[in-house]
Amino acid sequence: MSRLLPRRIGSGLSRLTDLRPAGRTNPVLPDDSSRALGLLETPSAHGARGWDGFDANVIVGMPSVPGGGIMVAWRCAVQRAAAGAETGRASAAATLNGMTGAGEGISGAQAEALYAAIRRMRGDISRVAQATGAPEDVVRSVRQHLFLDTHEIAVGPNQTVSMRFTADPEIAELWTRAAGRGVPLAADEVAVLRCVIGHEYVERALMRHGEYPYRSADPRAWVQEDGVWVYRPTPEAFGAHDLAPRPGFPDDPYGHYPTVLGIGKSP
Amino acid sequence: MYATDTENEALRRLLAINWGTVAERGQESHVALMREYLRRAALWAKCLEATDHWPFFDVASLIAPAVRAEPRVVERLEAALQPFSLWPTIKKTCIWYLHWQRLEQCRAEAVAGHKLPEPFEPLIRFYERGGRFSTEHGFINVDRVGIPAKVRGWQAFDSTTPFVALDDRALDRLDAMVAAT
């Protein structure tokens, strides 16, 4: 049986599951649910918590679209649930060398070294927040998720590895430069980093508070093609990554919900 | 320094791509093209003893670091791509493709000696057909599909058998076949 929308993610989200007709394994988000959820949580209600001036739609690259209210409510609830739960802090400063900006490739070892340097950084949270316009508590949560936490990562059907995330050269470079090391980010790079932060933030909240895996290890989500395992989430088997807004589709970050995950489809 | 014919042709191909739209259709051919790129990149990485740089790296710089695309060609491409919030690796691979094209024309013997398939062609076909990707935690995301790349290692793609033909007919056929099932 597939997981439903998170149950422990906050009062707003627990209400989401109530919208599900009895007997259905996937949540149905009727057209008017956004209005209902909008009453539960609104961005303006978070003004005192630093939500002021922060456009939730922008960080996930999400324009106002039908059903968007659901996701605004979701994000607000996610933020509230996750707030205050962060404890990890980098304890030592690091000096990064060799960051010369876009156009050059970073090897796996260099990316891992950058991740290690980020873990030792001080002050990067506020600098990344300033560079991207994302709230510091959001950046703090994403930093913990990306660089510090250990995750159960599905790499095939019923195959998981317990590890920190594999260092991604682009994320390593974007974060490092946003933190003030190397060439400052250009506007298009800031936009990309904001999408990454939005994606990772929601992904982490779903993993921590919704008990979703990063990606599903369910065999129904894996297909072997010419000897290579490929992850293809389905309505029966998906993970937090699949529920988080798609960074590559800034104009339609949730377009895969009905088509891939079966969420929002009429019964 | 002047741009070679192949550089200009490569630039023309890249500038002809509509970078502002992402094709939601053609999923299967996008995934197949990405896997074919990963296979070719694995072969080159192994051959050049650069597997730590796999899957996305500047192949030409590892063969002849001094042979670079004409700076004005690169600048034209960068200016054209700048307005789009593309995953940075996409922009880098386009530049590396220009370097590769110059190397192929200026040092053909250095390339041919390796007897390996052109590394970037599947990726350029992927872009031309509206494909976009991002990397994340060792996976390559092609829309909803996650290809375990770094988390599996280059060895998983180390094969001399092509995954897919690169012509439009074969790719269209693949998309149509999956759409029908």
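Going by the structure above, here's the rest.
Residues numbered from 1 in each chain as written. Chains lettered and ligands numbered in written order. Predicted model: local features only at pLDDT ≥ 70, side-chain atom pairs only at ≥ 80, totals over all residues.

Enquirer: Give me the overall build of chain B: which residues, what numbers.
Expert: In terms of helices and strands, chain B carries eight helices and three strands. Taking 16 Å as the expected radius of gyration for a compact globule of 181 residues, we find that chain B reaches 16 Å, a close match to that expectation. In terms of overall dimensions, chain B has C-alpha extents of about 50 × 35 × 30 Å along its principal axes. Here chain B holds 181 residues, and the buried ones make up 49% of them. (Helix = DSSP H or I, 4+ residues; strand = E, 2+ residues; numbered from the N terminus. Rg over C-alpha atoms; globule rule 2.2 N^0.38 Å. Buried ≥ 20, exposed ≤ 12 C-beta atoms within 10 Å, placed from the backbone.)

Enquirer: Tell me about unusual backbone geometry, residues and numbers included.
Expert: Omega for the peptide link from Trp-54 of chain B to Pro-55 of chain B comes to 15 degrees, which places this bond in the cis form. Residue position: Pro-55 of chain B is located in the loop between helix 2 (27–47) and helix 3 (59–63). One non-glycine residue with positive phi stands out, namely Glu-211 of chain A, at about 60 degrees. Relative to the elements of secondary structure, Glu-211 of chain A occurs in the loop between helix 9 (187–209) and strand 3 (222–225). At Asp-226 of chain A, a residue that is not glycine, the phi angle is positive and equals roughly 55 degrees. Given 14 C-beta atoms within a 10 Å radius, Asp-226 of chain A is considered partly exposed.

Enquirer: Go over the interface of chain B and chain A with me, naming the residues and quoting the values.
Expert: Contact with chain B, which involves 36 residues of that partner, is made by 30 residues of chain A. Counting only elements with at least two residues in the side of chain B that touches chain A, the list comes to helix 2, helix 5 (88–106), strand 1 (134–136) and strand 3 (145–148) of chain B. For the side of chain B that touches chain A, the leading source of residues is helix 5 of chain B, giving five residues. Residue composition of the side of chain B that touches chain A, grouped by class: 16 nonpolar, 10 polar and 10 charged. (Contact = placed C-beta atoms within 7 Å. Nonpolar A, V, L, I, M, F, W, Y, C, P; charged D, E, K, R; others polar.)

Enquirer: Give a description of the pairing of strand 1 (residues 151–156) of chain A that names residues and reports values.
Expert: Residues and elements named next belong to chain A. Taken together, the five bridges between strand 1 and strand 2 (residues 159–163) define a ladder with antiparallel strand orientation. Directly across from His-151, in strand 2, lies its bridge partner Met-163. What sits between the antiparallel neighbours strand 1 and strand 2 is a turn of two residues, in which Asn-158 has the positive phi angle 55 degrees. (Pairing = 2+ DSSP bridges.)

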